[in-house]
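# Architecture and fold: a report
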Amino acid sequence: MATRFTAPHSPDDIDQLLYLKNAQGSYRGFKTGFISQNLTIKEGYLVTCTKCKGIIREASSCEGETVCKLCNTNQLNPKRVQKVRNSVAELKIKCPLLRDCGWSGKLLEGKEHLKECGSFLITCPLGCEDVMKRCEMNDHLKTYCLFREINCEFCELSITCKNLTEHVSTCPAYSVVCECRRIMRRDKVKEHIDKDCRLTELECPYAKYGCKVGKIPRKELVAHKEDFYIEHQDMIEQENCLLTKQVKILVEKYDLLEGKKKKENSQLVQKHELMERNMKTLEETIETKHDQLVRKHDRLEGKVGTKHDRLLQEHTQLRQENDQLRQRP
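Owing to the predicted nature of the structure, the values given are computational and were not obtained by experimental measurement.

The next subject is the overall build of the protein. Looking only at helices and strands, the protein has eight helices and 14 strands in total. In the protein, buried positions account for 26% of the 329 residues. Looking at the protein as shown, the accessible area adds up to about 24,300 Å², and 52% of this sits on carbon and sulfur atoms.

Quick look at the structure:
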């Protein structure tokens, strides 16, 4: 299991590990504690700053001395600056964190190394807030982090590790033991109790016939039915007698209703026949009246025709007489 720390490294810690800090809190030259070789280079250029005493960062000069650019604003001869920079660039260092890290390399590569160093302290990205070396994080995420996702070994549901105990307490696939000592999945308990459990208390099936034993365990039910077989048969016989009486009463009521229904049907039939006779009589009366009206209309029409012919003759005669009178001198 990974070693736990109180706080992780921050980006600012990288600068603290690599650089010296002055009284004002500004970072200056590189620290010398992790340099793995002599600080004097073969060209003869001193690579330590005479101001901050660290390895020179961005070489410059002050009154003929070699110093960090951050330690002095005077500019060094460009050619000399490049040689000092080259000397610094060739310096070999070990990892500033030391511990278990065996990394070594060029001084200017130290900052990039710390961004990936296995001994650098980081916080768990899943939110458990544990702090550990970067090299231990994968093992933590796979095995120890309480916020990692795992599959329930019973139902295979994916859940957060810290919620496993709570989940198992309600997991439908978790094995539980019934009071009858039978082992089963939690989601099968209700079905077991309803159908199979020997300790489930059941009401005697003859309770509806009058059995007063109340509820008894399923395992005792068979023995109860055998012990009280005669009593149960008597209860059924009494119930059958009662049902027979009730059926007889119902049959009598049915016959009474049936007779009443037949009588009402007979009355309805008689009413229907009477209505049909009245309708037929009414139709005959209407037909007779119609024939009388037709004959009367024919007579009136004959009289009107005769009178019209007579008036037409009289009109013709009058016209003739009128013409004769006009012809007289």
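The structure having been displayed, the exposition proceeds.
Moving on: the state of the cysteines. Each disulfide is one covalent bond, formed between the sulfur atoms of two cysteines. Summed over all chains, the structure comprises zero disulfides. Not engaged in a disulfide, the cysteine Cys152 finds its nearest cysteine sulfur in Cys155; these two sulfurs lie 3.7 Å apart. Owing to a relative accessible area of 2%, Cys152 belongs among the buried residues under this scheme. Sulfur of Cys161: no disulfide; nearest cysteine sulfur belongs to Cys145 and is 7.9 Å away. With relative accessibility at 15%, the residue Cys161 sits in the buried group.

This brings us to the packing of aromatic side chains. This model, assessed by the stated rule, comprises two aromatic pairs. Seen from their ring centres, Phe154 and Tyr174 are 4.9 Å apart, and the 85° between their planes marks the pair as edge-to-face. In this pair, Phe154 is assigned in the loop between β9 (149-151) and β10 (158-160) and Tyr174 in the loop between α5 (164-168) and β11 (175-177), connecting sequence segments 20 residues apart. The exposure class assigned to Tyr174 is partly exposed, which follows from its relative accessible area of 29%. Plain terms: the ring middles of Tyr206 and Tyr209 are 6.2 Å apart, the flat faces sit at 45° to each other, and that makes the pair tilted. For the cation-ring pair, Lys162 lies above Phe147, with the distance from its terminal atom to the ring centre recorded as 5.5 Å.

Once that is clear, we can look at the packing of helix α7 (residues 218-227) against helix α8 (residues 229-327). At a minimum axis separation of 4 Å, α7 and α8 run at an interaxial angle of 70°. Considering the angle they form, α7 stands roughly perpendicular to α8. For the pair formed by α7 and α8, the contact residues are His224, Lys225, Glu226 and Asp227 on the first element and Tyr229, Glu231 and His232 on the second. Its residues assigned to classes, the contact of α7 with α8 shows one nonpolar, two polar and four charged.

Another point: the pattern of salt bridges. Opposite charge on two side chains lets them pair, provided their charged atoms get close. Counted under the stated rule, the structure contains four salt bridges. Of the charged contacts, one joins Arg185 and Asp187 as a salt bridge, the two residues approaching to 2.7 Å between their closest N and O atoms. The partly exposed category is assigned to Asp187, whose relative accessible area is 37%. Measuring nitrogen to oxygen at the nearest pair gives 3.9 Å for the salt bridge that ties Lys195 to Glu191. Taken together, the positions of Lys195 and Glu191, both in helix α6 (residues 189-195) and four residues apart, correspond to about one turn of that helix. On the basis of relative accessible area, Lys195 is assigned to the exposed category, the value being 56%. Residue classification places Glu191 among the partly exposed residues on the basis of a relative accessible area of 40%.

Next up on the list: the nonpolar core. Counting residues in hydrophobic clusters, the biggest one holds 11 residues: Cys95, Leu97, Leu114, Cys117, Phe120, Ile122, Cys124, Cys128, Met132, Met137 and Cys145. Core analysis: the next-biggest nonpolar cluster, separate from the first, contains five residues, Val176, Cys178, Cys180 and Met184 among them.

Tracing the chain through its elements places His113 in helix α3 (residues 110-114). His113 gets classed as buried once you look at its relative accessible area, which sits at 12%.

Turning next to the environment of Phe228. The residue Phe228 is located in the loop between α7 and α8 in this model. C-alpha of Phe228 to C-alpha of Cys211: the two residues are 17 residues apart in sequence and 9.2 Å apart in space.

A word on a nonpolar patch on the surface. A cluster of nonpolar residues, Leu126, Leu146 and Phe147, forms a patch on the protein surface that exposes about 250 Å² of accessible area. Residue placement: Leu126 occurs in the loop between β7 (121-123) and β8 (131-133).

Together, Glu226, Asp227, Glu231, Asp234 and Glu237 give the surface a local cluster of negative charge. Mapped onto the negative patch, the elements with two or more residues apiece are α7 and α8. Of the residues forming the negative patch, the biggest block, three residues, is contributed by α8.

For the rest of this paragraph, the subject is unusual backbone geometry. Positive phi values are uncommon outside glycine, yet Glu129 reaches one of about 70°. Considering the arrangement of structural elements, one finds Glu129 in the loop between β7 and β8. Taking relative accessible area as the criterion, Glu129 reaches 64% and is therefore assigned exposed. In this model, Arg181 sits at a positive phi of 75°, which is unusual for a non-glycine residue. Mapping Arg181 onto the fold places it in the loop between β11 and β12 (183-185). Arg181 gets classed as exposed once you look at its relative accessible area, which sits at 76%.

Conventions used here
- Residues numbered from 1 in each chain as written.
- Predicted model: local features only at pLDDT ≥ 70, side-chain atom pairs only at ≥ 80, totals over all residues.
- Heavy atoms only, no water.
- Helix = DSSP H or I, 4+ residues; strand = E, 2+ residues; numbered from the N terminus.
- Buried < 20%, exposed > 50% of the residue type's maximum accessible area, 1.4 Å probe, protein only.
- Areas by Shrake-Rupley, 256 points an atom, 1.4 Å probe, with all protein chains shown as cover.
- Disulfide = S-S within 2.5 Å.
- Phe/Tyr/Trp six-rings, centres within 6.5 Å; stacked < 30°, edge-to-face > 60°.
- Lys NZ or Arg CZ within 6 Å of the ring centre and 35° of its normal.
- Axes fitted to C-alpha atoms, helices over the stretch in contact; angles between N-to-C directions.
- Parallel < 35°, antiparallel > 145°, perpendicular 65-115°, else oblique.
- Contact = heavy atoms within 4.5 Å.
- Nonpolar A, V, L, I, M, F, W, Y, C, P; charged D, E, K, R; others polar.
- Salt bridge = Lys/Arg side-chain N within 4 Å of Asp/Glu carboxyl O.
- Core = buried A, V, L, I, M, F, W, Y, C linked by side-chain atoms within 4.5 Å.
- Patch = residues over 30% accessible without salt bridge, like charges linked within 9 Å, V, L, I, M, F, W, Y side chains within 5 Å.
- Lys, Arg positive; Asp, Glu negative; His and termini not counted.
- Charge placed at Lys NZ, Arg CZ, Asp CG, Glu CD.

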